[in-house]
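Descriptive structure summary
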Amino acid sequence: SGANTTHGENALPQPSVVVPVIDGLSELLLSLALKDPKNFLAESAEFDLSLIHPIAADVLSKMKAAGPEFSLENISSALGGPQAMAVEVARLRTEELWQEVGEKEIVTELRVLMRTLRKRKIGSELSRLEYDIKAAEAAGNTAELTVLAGQFSQLTQELARIENTV
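Procedures and definitions
Residues numbered from 1 in each chain as written. Predicted model: local features only at pLDDT ≥ 70, side-chain atom pairs only at ≥ 80, totals over all residues. Heavy atoms only, no water. Salt bridge = Lys/Arg side-chain N within 4 Å of Asp/Glu carboxyl O. Helix = DSSP H or I, 4+ residues; strand = E, 2+ residues; numbered from the N terminus. Core = buried A, V, L, I, M, F, W, Y, C linked by side-chain atoms within 4.5 Å. Buried < 20%, exposed > 50% of the residue type's maximum accessible area, 1.4 Å probe, protein only. Contact = heavy atoms within 4.5 Å. Expected span 1.5 Å × (residues − 1).

1. Looking at the pattern of salt bridges
On inspection of all chains with the given rule, the structure shows 10 salt bridges. Where D23 meets R120, a salt bridge forms, and the shortest distance between an N and an O atom there is 3.5 Å. In this pair, D23 sits in the segment before helix 1 (24-35) while R120 sits in helix 6 (residues 103-139), placing the two residues 97 residues apart along the sequence. Here D132 and R128 are joined by a salt bridge, their closest N and O atoms 3.0 Å apart.

So, in structure tokens, the structure goes:
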């Protein structure tokens, strides 16, 4: 029968460490937070961590819980394997990307990135609502259509507010 690819001389190498895959925006936010924890804490007070990858959200929630006393050393012991790997990748990215970037630019990047994440979520919700509206129209369900149109309107207004935020 077929060649054995898990044992023997034809075995494929197995990874010794599995690095979690975190979307680029979540990783970018994590790297900014590690670069400038003080400004991350100040800028992210109202930020919804559910907008980012769960591993990055977990690390950032630990940073927020630590508050102004945050240091990577303080929370490292509280991080599990995937979180520790995500922090290490973000820390390396911090050294690479933000090494010569000043505090003012970091704050600007934080604001732009958090706004982008909010817009991404609203865009996704608007797309879902668009399909639901089409289904309600096809079914002739005017009550459902009214509710969905109201939700769509609220989201477009929220998107406009985000767009107009400096």
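2. Concerning the nonpolar core
L29, L30, L34, F47, I52, L60 and M63 are the most contacted members of the largest nonpolar core, which totals 30 residues. Of all the elements in the fold, those that place two or more residues in this core are helix 1, helix 3 (54-66), helix 4 (72-76), helix 5 (81-97) and helix 6. Top element by residues in this core is helix 3. It accounts for 6 residues. Counting residues in each nonpolar core, the second largest holds 8 residues, with L126, L129, I133 and L155 among its members.

3. Re the side chain of S31
Locating S31 in the fold gives a position in helix 1. For S31, the residues in contact, after removing those within four places along its chain, are A90, R93, T94 and W98.

4. Quick word on helix 1
Taking 1.5 Å of rise per residue, 12 residues should cover 16 Å, and helix 1 covers 16 Å from first to last C-alpha, within 8% of that figure. Of all the residues in helix 1, the buried ones are S26, E27, L29, L30, S31, L32, A33 and L34.

Any functional reading would require information beyond the geometric quantities listed.
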